[in-house]
Amino acid sequence: MIQRNTIQCSVILKKINELKAHVTADELYEAIVSEYPSISRATVYRNLNKLVEMGKIRKVSVPNGADRFDYLCCDHYHVKCRLCGQLFDVEMDYIADLKQRIKDAHGFEFFGHNIIFDGICPACGKTKIKENKK
Ligand SMILES: [Zn+2]
Ligand SMILES: [Zn+2]
């Protein structure tokens, strides 16, 4: 049983790293089930959360959207495409002292932050230009 779980975990981890994307649990399940038809949706979900707890992957909460799972575990920011809803990594320095800067505001205890920029990805940008030309 323990071994079976480990295998499932590594299958999921391998898939996330292969896709190099920010997938939802459903997208990941679809990608895995085509290769491993016996795996259940619940198993994928359970193992995803386990991998997050283990620090192997990260869960990114997306406003107005499903949680996405990130193969990159270092601190980084994201941009969400307005049109396709996909999440992309943003290349910029992580503002490590952001938490310190806001420490004393309103007596809150801060644990972290989650910045998601808003934009349109190059692929959707191209389609948009084409549509405008019609
Ligand atoms: Zn897009
Ligand atoms: Zn990311």
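Provided above is the structure to which this section pertains.
Along each chain, residue indices are assigned from 1 in the same order as the chain's sequence is written. Labels are handed out in written order, letters beginning with A for the chains and numbers beginning with 1 for the ligands. Local features are withheld for residues below a pLDDT of 70 in this predicted model, meaning they are given only at 70 or higher, and side-chain atom pairs are given and counted only at 80 or more; totals for whole chains, interfaces and linings count all residues.

(A) The arrangement of the sheet that holds strand 3 (residues 68-70) in detail. Strands sit in the order 1-3-2 across an open sheet of three strands; the sheet is antiparallel. One side of each edge strand has no neighbouring strand; the edge strands of this open sheet are strand 1 (22-24) and strand 2 (58-60). Adjacent strand axes in the sheet meet at a mean angle of 35° when their direction is disregarded. Residue pairs qualify as contacts under a 7 Å threshold applied to their C-beta atoms, which are placed from the backbone. Angles shown run from 0 to 180 degrees and are taken between the N-to-C directions of axes, each axis being a line fitted to C-alpha atoms and, for helices, limited to the stretch in contact. Helix and strand assignments follow DSSP, with helices taken as H or I runs no shorter than four residues and strands as E runs no shorter than two, numbered in order from the N terminus. With respect to the sheet, helix 2 (residues 25-33) is in contact with strand 1 and strand 3, its orientation differing from that of strand 1 by roughly 90°. Paired strands, in this sense, are two strands between which DSSP finds at least two bridges.

(B) Region of interest: the environment of A66. Within the secondary structure, A66 sits in the loop between strand 2 and strand 3. On the basis of neighbour count, A66 is assigned to the partly exposed category, with 13 C-beta atoms found within 10 Å. Considered as a pair, A66 and V23 are 43 residues apart in the sequence and their alpha carbons are 9.3 Å apart. With C-beta atoms placed from the backbone, a residue is labelled by how many other C-beta atoms lie within 10 Å of its own: buried for 20 or more, exposed for 12 or fewer, partly exposed between the two.

(C) Focus on the sheet that holds strand 6 (residues 116-119). Taken in spatial order, the three strands line up as 5-4-6 in an open sheet, and their pairing is mixed. The sheet terminates laterally at strand 5 (87-90) and strand 6, the two strands that pair on one side only. Averaged over all neighbouring strand pairs, the angle between strand axes comes to 35°, with direction disregarded. Note that strand 4 (residues 77-81) and strand 6 share four bridges and pair parallel. By the bridge assignment, K80 is partnered in strand 6 with D118.

(D) Just unusual backbone geometry, in detail. Positive phi outside glycine occurs at K20, with the angle close to 45°. Structurally, K20 can be placed in the loop between helix 1 (2-19) and strand 1. We classify K20 as exposed; it has 11 C-beta atoms within 10 Å. Even without being a glycine, N64 presents a positive backbone phi close to 60°. Counting through the fold element by element, N64 comes out in the loop between strand 2 and strand 3.

(E) View of the packing of helix 2 against helix 3 (residues 41-53). Following both chains from N to C, one finds helix 2 and helix 3 inclined at 120°, their axes separated by 10 Å at the closest point. Put simply, helix 2 runs oblique to helix 3. Helix 3 is crossed by helix 2, and the crossing has right-handed handedness. Contacts between helix 2 and helix 3 involve A25, L28, Y29 and I32 from the former and R41, V44, Y45 and L48 from the latter. Small angles under 35 degrees read as roughly parallel and large ones over 145 as roughly antiparallel, with 65 to 115 read as roughly perpendicular and the rest as oblique. For any pair of crossing helices, the crossing counts as left-handed if the nearer helix is rotated counterclockwise from the farther one by less than a right angle, and right-handed if it is rotated clockwise.

(F) Focus on helix 3. With 13 residues, helix 3 extends 19 Å between its outermost C-alpha atoms, agreeing within 8% with the 18 Å of an ideal straight helix rising 1.5 Å per residue. Among the residues of helix 3, V44, N47 and L48 are the ones counted as buried. Buried residues of helix 3, viewed axially, fall in a sector of 110°; they line one side. Counted as exposed and oriented over 90 degrees from the buried face of helix 3: A42 and E53. After helix 3 finishes, the residue G55 shows a positive phi value of roughly 80°. By this rule, a helix spans an expected 1.5 Å times one less than how many residues it contains. It is the directions from the helix axis to the C-beta atoms whose arc is reported.

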